[in-house]
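Tertiary structure, described
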Amino acid sequence: MSRTRTRFRSAATPNPNPNPNPNPDQGAARPEVAGRHRLSPRLRLLACTLAAGTACAGLSAVPASAAGSPPVVSRGVTIPEFYTPPIELPAANGALIRTEALPLGLNIPGLDGRPMPGTATRLMYKSTDSAGKPVAVTGAYIEPSAAWKGSGPRPLVAVASGTMGQGDQCAPSFALQHPLTLNGDTVSVGYEALAIYRILATGAAVVVTDYVGLGATDRLHTYVNRLDQGHALLDAARAARSVPGASVTADSRTGLYGYSQGGGASAAAAELQPSYAPDIPLAGTYSGAPPADLTAVMKGIDGSALAGALAWSINGFAQSDPDLRAVVEANISTTGKAALADASTMCVGDAIFGYGFTKSSKWTTSGTSIGEIIAAEPKARAALDKQRIGTLKPSGPVRLATGVNDDIVPHAQARRLAVDWCRKGGDITYDAVVLPNLGDKILTNHLVPLITDQGEAIGWLADRLAGKPSTSNCWSMPIQP
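Residues numbered from 1 in each chain as written. Predicted model: local features only at pLDDT ≥ 70, side-chain atom pairs only at ≥ 80, totals over all residues. Heavy atoms only, no water.

A look at the nonpolar core
Counting 43 residues, the largest nonpolar core has Tyr125, Tyr141, Leu156, Val207 and Leu234 as the members making the most contacts within it. Going through the elements one at a time, strand 6 (118-128), strand 7 (134-144), strand 8 (156-160), helix 3 (172-177), strand 11 (205-209), helix 5 (226-240) and helix 6 (261-276) are the ones with two or more residues in this core. Excluding residues within four positions of it along the chain, Leu156 makes contact with Tyr141, Ala205, Val206, Val207, Ala237, Ala240, Val248, Arg253, Thr254, Gly255 and Leu465. Listed in part, the 35 residues of the second largest apolar core include Ile332, Leu340, Ala383 and Val409. (Core = buried A, V, L, I, M, F, W, Y, C linked by side-chain atoms within 4.5 Å. Buried < 20%, exposed > 50% of the residue type's maximum accessible area, 1.4 Å probe, protein only. Helix = DSSP H or I, 4+ residues; strand = E, 2+ residues; numbered from the N terminus. Contact = heavy atoms within 4.5 Å.)

Okay, here's the thing in structure tokens:
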């Protein structure tokens, strides 16, 4: 038996409490799926939300702290109790809730006795979700062994991970401790470690966010939600200053780094920083392959190797947005509901093996793709339009890179983000990564630019952290691919 993270209700079920997360410790048993697992209250809640079942109203559980519930187990992985949020959260965004030592899965002894690349701390901090409600977010801070040789205090890079999944066992902080999770039920690879360790080698400290609901066991991960991700990343930077033993200060130059889902998060955070976190001295942002226009991205991932990510986005928005939830409830078939529930505990590896190349038309009652259904529903379209990145001018210099053959997070919509920002007067360095077509819809056109551009991206960000000025190349956009 295990507790659930899901705490949302059906659109047809009245919510007596206006706070959608009044008790973050609430939980129930985790499901089994595809004949292997018993259907738990967690998946019954998800299924009821999708089916608009009024019976969901009675599925609330008491707080774990009061009931003494056993820990969350997600696809055979026990989630440490650390990841269970308390009932009461602090008022300030970025305030630490708790910390503990985090053993890194990949490190070596240093000549001075300190482990390389650094000493890690697992952390939980307070943020604000897209509904304006308090939320607990987990993550990790790494104090580097490498010395900072630039001027001023040691800088900080807030890292937004690329897509890891929707199960709690997929959390980036968990992956730092367990670089490979492989138990027959789930496959998770901590592929962001390379970028994180390269950043640490520059002497900058790193803080990693797990995003809203990924790791923290009180709700589903709100995959690619612009406000949730941007807030979580900025508040991670705030939280890093208070970590015991951290050398970063309120005056530390701060950089944002992310690719794919992380590129969208860092882009959103750069736009939100002036209004949400003006106290963060933002020196530069790297946004690689950002999913800026979710309507276009949905078309890109539908039927691709990463089709499971479409399920994660639907699950997240069905939880947080009533208009999209209504569309899901009205159009998703029984087969689709089972797939969405199954995907809600998956990591990337699981999703590729389980739903790779699946077309969303198999999940709908009409046989029409989910993208087409949303396009035909004005309220649903408007809900996705609210997630559009590029409507605000980003703070500070931004380097935006996108592979010209990227067909998962389509190149055209990422390039459009650069154009939108340039028109708003942003300090934008745009880099089109030109590579041959490496295979349609099989992830290679999306993943290879992550590796080939990584050195330049980190070098560019290190220059910003060192105080070196950037030079916008917006003037070149008409001739850039």
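Moving on from the coordinates now.
Focus: the pairing of strand 11
Counted residue by residue, strand 11 has five buried out of five residues, so it is predominantly covered. Alternating residues of strand 11 divide into Ala205, Val207 and Thr209 and Val206 and Val208, and every residue in both groups is buried. Both strand 7 and strand 11 contribute to a ladder of four bridges, which runs antiparallel. Within strand 11, the position partnered with Tyr141 by the bridge is Val207. Examined bridge by bridge, strand 8 and strand 11 share five bridges and lie parallel to one another. Bridge pairing links Leu156 to Ala205 in strand 11. (Pairing = 2+ DSSP bridges.)

Details of the state of the cysteines
For the structure on display, the rule yields two disulfides. The disulfide partner of Cys170 is Cys347, and the gap between their sulfur atoms is 2.1 Å. Here Cys170 and Cys347 share a disulfide; its torsion about the S-S bond, -100°, makes the bridge left-handed. In this pair, Cys170 is assigned in the loop between strand 8 and helix 3 and Cys347 in the loop between helix 10 (334-343) and helix 11 (348-355), connecting sequence segments 177 residues apart. A relative accessible area of 0% places Cys347 in the buried class. Across a sulfur-sulfur distance of 2.0 Å, Cys422 and Cys474 are joined as a disulfide pair. What sets the handedness of the Cys422 and Cys474 disulfide is the S-S torsion sign, and at about -80° it is left-handed. Taken together, the positions of Cys422 in helix 14 (residues 411-423) and Cys474 in the segment after helix 16 (454-465) put the pair 52 residues apart, joining distant regions of the chain. (Disulfide = S-S within 2.5 Å.)

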